Amino acid sequence: VSAPALMPIEAAAANAILEELARRGRHALEASGFPLRHEFLITMRFQNQTHEVAVPLPGVPLSVADVQSLEERFLDVYEARYGAGTALRGTPLEAVTYEVVTIATIEPPAFEELEFDPSEADVALKEVRPVVFEREQHETPVYDAALLRLGHALEGPALVEGPTMTILVHPG
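What you see is a predicted model, and the numbers here were worked out from it, not measured in a lab.

Colleague: Please explain a nonpolar patch on the surface as it appears in this structure.
Modeller: Residues Leu114, Phe116 and Leu150 make up a contiguous nonpolar surface patch of about 340 Å² in total accessible area. Turning to its location among the elements, leucine 150 is positioned in the loop between β6 (136–144) and β7 (158–161). Here leucine 150 falls in the partly exposed class, since its relative accessible area comes to 44%.

Colleague: Can you walk me through the packing of aromatic side chains in this structure?
Modeller: We describe a pair of aromatic rings using the distance from one ring centre to the other and the angle between the two ring planes. By the definition in use, this model includes four aromatic pairs. Taking 5.0 Å as the distance between ring centres and 75 degrees as the angle between the ring planes, the aromatic pair formed by phenylalanine 46 and tyrosine 78 counts as edge-to-face. Remark: tyrosine 78 occurs in helix α2 (residues 64–82) and phenylalanine 46 occurs in strand β2 (residues 36–46); sequence separation between them is 32 residues. Since its relative accessible area comes to 1%, phenylalanine 46 is described here as buried.

Colleague: What exactly am I supposed to notice about the pattern of salt bridges here?
Modeller: Note that side chains of opposite charge can pair when their charged atoms are close. Enumeration according to the criterion identifies 10 salt bridges in this entry. Here arginine 23 and glutamate 20 are joined by a salt bridge, their closest N and O atoms 2.8 Å apart. Of this pair, arginine 23 and glutamate 20 are both found in helix α1 (residues 11–29), three residues apart, which corresponds to roughly one turn of the helix. For glutamate 20, a relative accessible area of 29% gives the class partly exposed.

Colleague: Mind showing me how you'd approach the sheet that holds strand β1 (residues 2–6) here?
Modeller: The strands making up a sheet are joined through hydrogen bonds of the backbone, oriented either antiparallel or parallel. An order of β1-β4-β2-β3 is seen for the four strands of this open sheet, with the pairing classed as antiparallel. The sheet is open, and its two edges are formed by β1 and β3 (53–56), each paired on a single side. Each neighbouring strand pair of the sheet contributes to a mean axis angle of 35 degrees, computed without reference to strand direction. Against the sheet, α1 engages β1, β2 and β4 (93–104), with an angle of about 25 degrees to β4. Across the sheet, α2 lies against β2, β3 and β4, angled at about 125 degrees from β3, the strand it touches most.

Colleague: Would you mind showing me how to read unusual backbone geometry here?
Modeller: Glycine aside, residues mostly have negative phi angles, and peptide bonds mostly take the trans form. For the bond running from methionine 7 to proline 8, omega is 0 degrees, close enough to zero to count as cis. Along the polypeptide, proline 8 turns up in the loop between β1 and α1. Note the cis peptide between valine 60 and proline 61, where omega equals 5 degrees. Among the structural elements, proline 61 can be located in the loop between β3 and α2. One non-glycine residue, glutamate 134, adopts positive backbone phi at about 45 degrees. Among the structural elements, glutamate 134 can be located in the loop between β5 (125–133) and β6. By relative accessible area, which is 76% here, glutamate 134 ends up exposed.

Colleague: In this structure, what is going on with the pairing of β6? I would like to understand it.
Modeller: One face of the sheet, then the other: side chains in a regular strand alternate in exactly this way. Summarising the sheet, β5 and β6 pair through eight bridges and their orientation is antiparallel. Bridge pairing links valine 132 to glutamine 137 in β6. Between β5 and β6, which pair antiparallel and follow one another directly, the connecting turn spans two residues, one of which, glutamate 134, has a positive phi of 45 degrees. Bridge analysis of β6 against β7 gives three bridges, and the strand direction is parallel.

What counts and how
- Residues numbered from 1 in each chain as written.
- Predicted model: local features only at pLDDT ≥ 70, side-chain atom pairs only at ≥ 80, totals over all residues.
- Heavy atoms only, no water.
- Patch = residues over 30% accessible without salt bridge, like charges linked within 9 Å, V, L, I, M, F, W, Y side chains within 5 Å.
- Areas by Shrake-Rupley, 256 points an atom, 1.4 Å probe, with all protein chains shown as cover.
- Salt bridge = Lys/Arg side-chain N within 4 Å of Asp/Glu carboxyl O.
- Helix = DSSP H or I, 4+ residues; strand = E, 2+ residues; numbered from the N terminus.
- Buried < 20%, exposed > 50% of the residue type's maximum accessible area, 1.4 Å probe, protein only.
- Phe/Tyr/Trp six-rings, centres within 6.5 Å; stacked < 30°, edge-to-face > 60°.
- Pairing = 2+ DSSP bridges.
- Axes fitted to C-alpha atoms, helices over the stretch in contact; angles between N-to-C directions.
- Contact = heavy atoms within 4.5 Å.

Printed below as a string of structure tokens:
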């Protein structure tokens with residue numbers, strides 16, 4: 001939300017904006033059923049400058065002390081981005097936009113442990129057809145990707161076909 005104001009901002013006004021943005025984020029993602037968390041930021045700049053820097057906030061509600069520390073936090077972030085000594089200390093600052101990033105935390109998927117299958121890949125062979133590689137035609141086995149297993153070895157030339165892809169294995 002864009003709400004430009006010179007620093008120091010009013011903690012109550014900033015809290016109202018940030019809490020509303022957090023509410024919107026919660027509303028958008030709560031149906032997912034995943035645990036939610038928020039990251040709060042205020043985009044700030046030196047007065048009348050175009051370069052804005054997002055300053056992470058400790059959380060909401062902001063206290064008066066949090067608002068007072070924003071200037072120093074901005075200068076730290078600014079100099080981390082643009083280099084030591086680049087901040088114009090003593091120049092009035094503007095809070096430009098308020099941002100809340102709502103994050104749904106999901107568990108990593110459980111992957112199936114694959115077993116090594118040393119058998120021949122012939123179980124996945126669909127057909128043999130002519131394919132041209134560098135102006136030379138080769139009789140080329142075509143394999144069904146869904147039937148190939150860990151341990152199956154293919155020598156080129158070969159094609160591996162799946163519903164959304166084809167893999168070309170060059171001769172040799």
